[in-house]
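The lines below spell out each chain.
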Amino acid sequence: GAVVSQHPSRVICKSGTSVKIECRSLDFQATTMFWYRQFPKKSLMLMATSNEGSKATYEQGVEKDKFLINHASLTLSTLTVTSAHPEDSSFYICSASEGMGGELFFGEGSRLTVL
Amino acid sequence: AQSVTQPDIHITVSEGASLELRCNYSYGATPYLFWYVQSPGQGLQLLLKYFSGDTLVQGIKGFEAEFKRSQSSFNLRKPSVHWSDAAEYFCAVGGGNKLVFGAGTILRVKS
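Residues numbered from 1 in each chain as written. Chains lettered and ligands numbered in written order. Predicted model: local features only at pLDDT ≥ 70, side-chain atom pairs only at ≥ 80, totals over all residues. Heavy atoms only, no water.

1. Thoughts on the environment of P86 of chain A
Residue and element names in this part refer to chain A.
- By the element assignment, P86 lies in the loop between strand 8 (76-81) and strand 9 (90-97).
- Its relative accessible area of 36% is what places P86 among the partly exposed residues.
- C-alpha separation for the pair P86 and T113, spaced 27 residues apart in sequence, amounts to 7.1 Å. (Helix = DSSP H or I, 4+ residues; strand = E, 2+ residues; numbered from the N terminus. Buried < 20%, exposed > 50% of the residue type's maximum accessible area, 1.4 Å probe, protein only.)

2. Section: the sheet that holds strand 7 (residues 67-73) of chain A
Residues and elements named next belong to chain A.
- The strand order across the open sheet built from 4 strands is 1-3-8-7, with neighbouring strands paired in antiparallel fashion. The open sheet has two edge strands with one neighbour each: strand 1 (4-7) and strand 7. Averaged over neighbouring strand pairs, the angle between their axes works out to 15° when direction is ignored. (Pairing = 2+ DSSP bridges. Axes fitted to C-alpha atoms, helices over the stretch in contact; angles between N-to-C directions.)

3. Re the pattern of salt bridges
Residues and elements named next belong to chain B.
- For the coordinates displayed, the defined rule picks out 6 salt bridges over all chains.
- Among the salt bridges present, the one from E66 reaches R77, with a minimum N-O distance of 3.3 Å. Taken together, the positions of E66 in strand 8 (residues 64-68) and R77 in strand 9 (residues 73-78) put the pair 11 residues apart, joining distant regions of the chain.
- The exposure class assigned to R77 is partly exposed, which follows from its relative accessible area of 23%.
- Counted as one network, the salt bridges with shared partners bring together E64, E66 and R77. (Salt bridge = Lys/Arg side-chain N within 4 Å of Asp/Glu carboxyl O.)

4. Side note on the state of the cysteines
Residue and element names in this part refer to chain A.
- One pass over the full model with this rule turns up 2 disulfides over all chains.
- Shown here is the disulfide that connects C23 with C94, its sulfur atoms set 2.0 Å apart. Across the S-S bond linking C23 and C94, the dihedral sits near 80°, which makes this disulfide right-handed. Placement of C23 in strand 3 (residues 19-25) and of C94 in strand 9 is noted, with a sequence separation of 71 residues between them.
- As a non-bridged cysteine, C13 has C94 as the owner of its nearest cysteine sulfur, 18 Å distant.
- On the accessibility criterion, C13 (9% relative accessible area) is buried. (Disulfide = S-S within 2.5 Å.)

Right, here's the structure in full:
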């Protein structure tokens with residue numbers, strides 16, 4: 001199957017700083033990418049849908065100014081957590097598809113710890 | 001609203017025993033249904049999916065799932081569990097690419 005890669009896999013940062021997580025589709029062009037957040041012992045919560053070349057669509061309750069999503073190319077989407085706070089500590093997972101209705105491929109996830 | 005319920009938070013089975021993980025969903029139209037597996041610290045791997053047609057779906061690693069519309073269920077089964085199957089399993093429902101996930105079931109395999 002297709003490969004989606006996230007980087008970094010683990011990141012630790014101080015409160016108040018910003019952290020960028022990258023999601024790349026390695027062997028296909030992803031017109032749509034999705035960002036999920038996974039809380040401990042809980043399921044994945046969809047944060048936003050990003051379409052190449054346009055603004056991301058955020059789910060209700062997700063702060064747009066805090067979680068900045070950019071999908072500048074067909075193979076790269078980035079999630080920037082701004083002014084990080086300890087409650088932002090979580091496992092963030094991206095997924096990508098070649099188009100609407102296409103199979104979703106998931107990245108390995110990125111564990112963010114904010115001190 | 002779409003929702004997925006996985007009633008069992010943890011399940012422990014002996015290696016070689018059969019397995020069934022339950023999933024019930026609520027969806028307004030004909031659902032697309034998925035089962036994913038997640039190993040610790042890893043992303044999700046698709047085990048199988050149902051879009052239409054035969055209600056018994058075969059997946060990877062010897063897993064299968066049966067779609068039962070009357071029961072709004074999509075239970076995952078495996079006839080003989082291996083120690084390497086220990087992981088967390090997520091059922092998901094969706095249309096297009098947006099998926100709603102269940103809370104997950106953690107499978108433990110005892111030797």
